[in-house]
Amino acid sequence: MGAQVIRVVVVDDHALHRDGTRQILEAHPDFEVVGDANSGEIALALVNKLRPDVVLMDIRLPGMNGVEVTRRLTRDHPDVHVLMVSAYDEDEYVRGALEAGAAGYLSKTAPGKELVQAVRAVAGGTSVLQSGLTARLLAPPGGGEHLADLTERELSVLSLLAEGLHNRQIAARLGIS
């Protein structure tokens, strides 16, 4: 028996993006796009019915926005992982999505390979942030003047976090436990 198939629902108000995402994912045998929705309300109904492993969620949707849909999904279906995929990467959107329970945030400009890796990671319980977003979100308000207060080791860890590495990867890279 092969690897377990990751069941995905794609939520986006643009049909072209839904269709393109479906094609990218279904080119891999470990993905099955079980449904798609063009609004938050339809997405909620689909998840209730289909019980996917991962929901790819746009942030701007007609009616209920992606952050509110994510909040409801993660509350009602804690076993469903939401990966926000949006053309908007402003800090307030990213923070809102993560606070609502999204397991990750990816730009629609990301290559297909990165999308595939992100969906696999999120399905496996790992959080994913597109590179560049991590550094911005970790930056202290008002700039980096507080970075001078960090030790060299703390700066190294912060830098590796900003690259998107996970704790074990950072530990291995720095030779620490």
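Structure shown above.
Residues numbered from 1 in each chain as written. Predicted model: local features only at pLDDT ≥ 70, side-chain atom pairs only at ≥ 80, totals over all residues. Heavy atoms only, no water.

**Q** How would you explain the side chain of Asp30 if you had to name every residue and give the values?
**A** Relative to the elements of secondary structure, Asp30 occurs in the loop between helix H1 (15–26) and strand E2 (31–37). Not counting the four nearest positions on each side in its chain, Asp30 is found in contact with Gln4, Val5, Ile6 and Arg120. (Helix = DSSP H or I, 4+ residues; strand = E, 2+ residues; numbered from the N terminus. Contact = heavy atoms within 4.5 Å.)

**Q** Tell me about the pattern of salt bridges, and name the residues and values.
**A** Side chains carrying opposite charge are able to pair once their charged atoms draw close together. Counted according to the given criterion, the structure contains nine salt bridges. The salt bridge involving Arg22 is made with Glu26; its shortest N-O contact spans 3.5 Å. Linking Arg22 with Glu26, this pair stays in helix H1, spanning four residues, or about one helical turn. Residue classification places Glu26 among the partly exposed positions, given a relative accessible area of 41%. Here Arg71 makes a salt bridge to Glu68, at a shortest N to O gap of 3.0 Å. Within this pair, Arg71 and its partner Glu68 are both found in helix H3 (residues 66–76), separated by three residues, close to a single helical turn. Taking relative accessible area as the criterion, Arg71 reaches 38% and is therefore assigned partly exposed. When salt bridges with common partners are traced through the structure, they connect Arg18, Arg22, Glu26 and Asp36 into a single cluster. (Salt bridge = Lys/Arg side-chain N within 4 Å of Asp/Glu carboxyl O. Buried < 20%, exposed > 50% of the residue type's maximum accessible area, 1.4 Å probe, protein only.)

**Q** Please set out the sheet that holds strand E6 (residues 128–129) residue by residue, giving values where relevant.
**A** A sheet is described by the order of its strands in space; here six strands give the open sequence E2-E1-E3-E4-E5-E6, paired in parallel fashion. For this open sheet the edge positions go to E2 and E6, each flanked by a neighbour on one side alone. Looking at chain direction, strand E5 (residues 104–107) and E6 are connected through two bridges and run parallel. Across the sheet, the residue bridging to Tyr105 is Leu129, located in E6. (Pairing = 2+ DSSP bridges.)

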